[in-house]
Amino acid sequence: MSKPARVPYETTLLVRDCCLCLHVQRAARVLARRFDEVLRPFQLTNGQFSLLMSLNRPEPPPMAAVASLLAMDRTTLTAALKPLQRRGLVKVSADPADRRSRLLALTAKGHGLLARAVPTWERTHAELEALLPNGDPTRLRENLGALIQ
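Scope of this entry: the structure provided in the associated data block. Keep in mind that this is a model prediction, so the values were computed, not measured.

Looking at unusual backbone geometry
With a phi close to 55 degrees, Gln43 is a non-glycine residue in the positive phi region. Take Gln43: it is sitting in the loop between helix H2 (20–39) and helix H3 (46–54). If you check the backbone angles, Ala71 has positive phi at about 55 degrees while not being a glycine. Among the structural elements, Ala71 can be located in the loop between helix H4 (63–69) and helix H5 (74–86).

Put into C-alpha coordinates, the structure is as follows:
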(Lines give C-alpha, C1' and ligand atoms only; values in the text may rest on other atoms or scores of the structure.)
Protein backbone atom coordinates (compact mmCIF):
# COMPACT_ATOMS: atom_id res chain seq x y z
CA MET A 1 0.00 0.00 0.00
CA SER A 2 1.53 3.31 -1.06
CA LYS A 3 1.48 6.45 1.03
CA PRO A 4 -0.86 9.18 -0.23
CA ALA A 5 0.86 12.21 -1.72
CA ARG A 6 1.30 15.08 0.71
CA VAL A 7 1.69 18.78 0.10
CA PRO A 8 4.92 20.05 1.68
CA TYR A 9 4.54 22.44 4.61
CA GLU A 10 6.60 24.97 2.66
CA THR A 11 3.75 25.12 0.15
CA THR A 12 1.35 25.89 2.97
CA LEU A 13 3.56 28.80 4.01
CA LEU A 14 3.78 29.99 0.41
CA VAL A 15 -0.02 30.01 0.06
CA ARG A 16 -0.39 31.74 3.44
CA ASP A 17 2.02 34.47 2.42
CA CYS A 18 1.17 34.89 -1.29
CA CYS A 19 -2.40 33.80 -2.04
CA LEU A 20 -4.36 36.83 -3.23
CA CYS A 21 -7.66 35.06 -2.59
CA LEU A 22 -6.75 34.34 1.03
CA HIS A 23 -5.54 37.90 1.65
CA VAL A 24 -8.66 39.44 0.09
CA GLN A 25 -10.94 37.06 2.02
CA ARG A 26 -9.26 37.91 5.32
CA ALA A 27 -9.43 41.65 4.64
CA ALA A 28 -13.05 41.37 3.50
CA ARG A 29 -14.02 39.58 6.70
CA VAL A 30 -12.34 42.21 8.88
CA LEU A 31 -13.96 45.04 6.93
CA ALA A 32 -17.36 43.35 6.98
CA ARG A 33 -17.20 42.87 10.77
CA ARG A 34 -16.17 46.50 11.28
CA PHE A 35 -19.00 47.87 9.14
CA ASP A 36 -21.52 45.41 10.59
CA GLU A 37 -20.60 46.71 14.04
CA VAL A 38 -20.98 50.41 13.23
CA LEU A 39 -24.17 49.87 11.19
CA ARG A 40 -25.83 47.75 13.90
CA PRO A 41 -27.60 50.77 15.48
CA PHE A 42 -29.39 51.21 12.14
CA GLN A 43 -30.29 47.49 12.10
CA LEU A 44 -28.26 47.08 8.90
CA THR A 45 -25.47 44.78 7.86
CA ASN A 46 -22.70 46.00 5.59
CA GLY A 47 -24.28 44.04 2.74
CA GLN A 48 -27.67 45.65 3.31
CA PHE A 49 -26.07 49.09 3.42
CA SER A 50 -24.34 48.41 0.08
CA LEU A 51 -27.59 47.17 -1.40
CA LEU A 52 -29.49 50.25 -0.25
CA MET A 53 -26.73 52.49 -1.62
CA SER A 54 -26.91 50.69 -4.96
CA LEU A 55 -30.59 51.68 -5.18
CA ASN A 56 -29.93 55.35 -4.39
CA ARG A 57 -30.35 56.52 -7.99
CA PRO A 58 -32.52 59.03 -9.84
CA GLU A 59 -34.42 56.17 -11.52
CA PRO A 60 -35.16 52.69 -10.14
CA PRO A 61 -32.61 50.24 -11.56
CA PRO A 62 -33.50 46.82 -12.91
CA MET A 63 -32.62 43.84 -10.78
CA ALA A 64 -29.99 42.60 -13.25
CA ALA A 65 -28.03 45.87 -13.06
CA VAL A 66 -28.01 45.82 -9.26
CA ALA A 67 -26.97 42.16 -9.18
CA SER A 68 -24.12 42.94 -11.57
CA LEU A 69 -22.94 45.96 -9.54
CA LEU A 70 -22.93 43.93 -6.32
CA ALA A 71 -21.36 40.88 -8.03
CA MET A 72 -24.15 38.54 -6.94
CA ASP A 73 -26.60 36.35 -8.78
CA ARG A 74 -30.28 37.27 -9.01
CA THR A 75 -31.33 34.55 -6.58
CA THR A 76 -28.98 35.89 -3.91
CA LEU A 77 -30.14 39.44 -4.59
CA THR A 78 -33.79 38.39 -4.27
CA ALA A 79 -33.04 36.80 -0.89
CA ALA A 80 -31.12 39.91 0.25
CA LEU A 81 -34.04 42.15 -0.72
CA LYS A 82 -36.65 40.25 1.33
CA PRO A 83 -35.76 41.62 4.80
CA LEU A 84 -35.42 45.14 3.39
CA GLN A 85 -38.84 44.84 1.76
CA ARG A 86 -40.36 43.55 5.02
CA ARG A 87 -38.96 46.61 6.80
CA GLY A 88 -40.50 48.89 4.17
CA LEU A 89 -37.12 50.17 2.97
CA VAL A 90 -37.28 48.83 -0.60
CA LYS A 91 -40.03 48.44 -3.17
CA VAL A 92 -39.86 45.88 -5.99
CA SER A 93 -42.16 46.50 -8.94
CA ALA A 94 -42.66 45.24 -12.47
CA ASP A 95 -40.91 47.22 -15.19
CA PRO A 96 -43.64 48.86 -17.32
CA ALA A 97 -41.46 48.37 -20.42
CA ASP A 98 -40.98 44.64 -19.74
CA ARG A 99 -43.34 43.05 -17.22
CA ARG A 100 -40.91 40.13 -16.75
CA SER A 101 -38.25 42.49 -15.39
CA ARG A 102 -38.26 43.96 -11.88
CA LEU A 103 -37.31 47.50 -10.86
CA LEU A 104 -35.90 48.20 -7.41
CA ALA A 105 -36.47 51.44 -5.54
CA LEU A 106 -35.83 52.89 -2.13
CA THR A 107 -38.95 53.93 -0.26
CA ALA A 108 -39.10 57.20 1.68
CA LYS A 109 -38.28 55.15 4.79
CA GLY A 110 -35.30 53.61 2.98
CA HIS A 111 -34.00 57.02 1.92
CA GLY A 112 -34.34 58.27 5.50
CA LEU A 113 -32.47 55.33 7.01
CA LEU A 114 -29.72 55.61 4.41
CA ALA A 115 -29.35 59.34 5.11
CA ARG A 116 -28.92 58.61 8.83
CA ALA A 117 -26.43 55.77 8.22
CA VAL A 118 -24.17 57.52 5.68
CA PRO A 119 -22.32 59.75 8.20
CA THR A 120 -21.39 56.64 10.20
CA TRP A 121 -20.18 54.94 7.02
CA GLU A 122 -18.17 58.06 6.05
CA ARG A 123 -16.47 58.27 9.45
CA THR A 124 -15.65 54.56 9.53
CA HIS A 125 -14.45 54.56 5.94
CA ALA A 126 -12.11 57.49 6.63
CA GLU A 127 -10.71 55.68 9.68
CA LEU A 128 -10.01 52.57 7.61
CA GLU A 129 -8.43 54.50 4.74
CA ALA A 130 -6.11 56.18 7.27
CA LEU A 131 -4.80 52.73 8.24
CA LEU A 132 -3.50 52.05 4.72
CA PRO A 133 0.25 52.35 4.17
CA ASN A 134 1.18 55.54 2.34
CA GLY A 135 -2.43 56.70 2.70
CA ASP A 136 -3.24 55.54 -0.83
CA PRO A 137 -6.73 53.97 -0.95
CA THR A 138 -7.07 54.81 -4.65
CA ARG A 139 -4.28 52.40 -5.56
CA LEU A 140 -5.92 49.62 -3.56
CA ARG A 141 -9.28 50.23 -5.27
CA GLU A 142 -7.61 50.27 -8.71
CA ASN A 143 -5.76 47.02 -8.00
CA LEU A 144 -8.90 45.29 -6.74
CA GLY A 145 -10.86 46.68 -9.69
CA ALA A 146 -8.39 45.16 -12.11
CA LEU A 147 -9.22 41.72 -10.69
CA ILE A 148 -12.96 42.23 -11.12
CA GLN A 149 -12.91 43.12 -14.79
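Resuming the write-up.
Here's the deal with the packing of H2 against helix H6 (residues 108–130)
Each packed pair of helices is defined by two parameters, the angle between the axes and the distance between the axes. At a closest axis distance of 10 Å, the pairing of H2 and H6 adopts a crossing angle of 145 degrees. Remark: the crossing between H2 and H6 carries right-handed chirality. Contacts between H2 and H6 involve Leu31, Arg34, Phe35, Val38 and Leu39 from the first element and Ala117, Thr120, Trp121, Thr124, His125, Glu127 and Leu128 from the second. Counted by class, the contact of H2 with H6 contains seven nonpolar, three polar and two charged residues.

A few points about the environment of Lys91
With respect to the helices, strands and loops of the structure, Lys91 is situated in strand E1 (residues 90–95). Counting along the chain gives 44 residues from Lys91 to Gly47, while the straight-line C-alpha distance between them is 17 Å. Residues in contact with Lys91, not counting those within four places in the same chain, are Leu103, Leu104, Ala105 and Thr107.

Examining the environment of Arg33
With respect to the helices, strands and loops of the structure, Arg33 is situated in helix H2. When its relative accessible area of 53% is taken as the criterion, Arg33 is described as exposed. On a C-alpha basis, the gap between Arg33 and Pro60 in space is 29 Å, while along the polypeptide they are 27 residues apart.

A closer look at a nonpolar patch on the surface
On the surface, Leu20, Val24, Leu140, Leu144 and Leu147 cluster together into a nonpolar patch covering about 450 Å² of accessible area. No other element matches the three residues that helix H7 (residues 137–148) contributes to the nonpolar patch. Relative to the elements of secondary structure, Val24 occurs in helix H2.

Details of the side chain of Thr120
Tracing the backbone shows Thr120 in helix H6. Not counting residues within four places of it along the chain, the set of residues in contact with Thr120 comprises Val38 and Phe42.

Re the environment of Leu89
Mapped onto the elements, Leu89 comes out in the loop between H5 and E1. Its relative accessible area of 0% is what places Leu89 among the buried residues. Taking the C-alpha atoms as reference points, Leu89 and His111, 22 residues apart in sequence, are found 7.6 Å from one another. In this view, Leu89 contacts Leu52, Leu84, Ala105, Leu106, Thr107, Lys109, Gly110 and Leu113; residues no more than four positions away in its chain are not counted.

Basis of the calculations
- Residues numbered from 1 in each chain as written.
- Predicted model: local features only at pLDDT ≥ 70, side-chain atom pairs only at ≥ 80, totals over all residues.
- Heavy atoms only, no water.
- Helix = DSSP H or I, 4+ residues; strand = E, 2+ residues; numbered from the N terminus.
- Axes fitted to C-alpha atoms, helices over the stretch in contact; angles between N-to-C directions.
- Left-handed = near helix turned anticlockwise from the far one by under 90°.
- Contact = heavy atoms within 4.5 Å.
- Nonpolar A, V, L, I, M, F, W, Y, C, P; charged D, E, K, R; others polar.
- Buried < 20%, exposed > 50% of the residue type's maximum accessible area, 1.4 Å probe, protein only.
- Patch = residues over 30% accessible without salt bridge, like charges linked within 9 Å, V, L, I, M, F, W, Y side chains within 5 Å.
- Areas by Shrake-Rupley, 256 points an atom, 1.4 Å probe, with all protein chains shown as cover.
- Salt bridge = Lys/Arg side-chain N within 4 Å of Asp/Glu carboxyl O.

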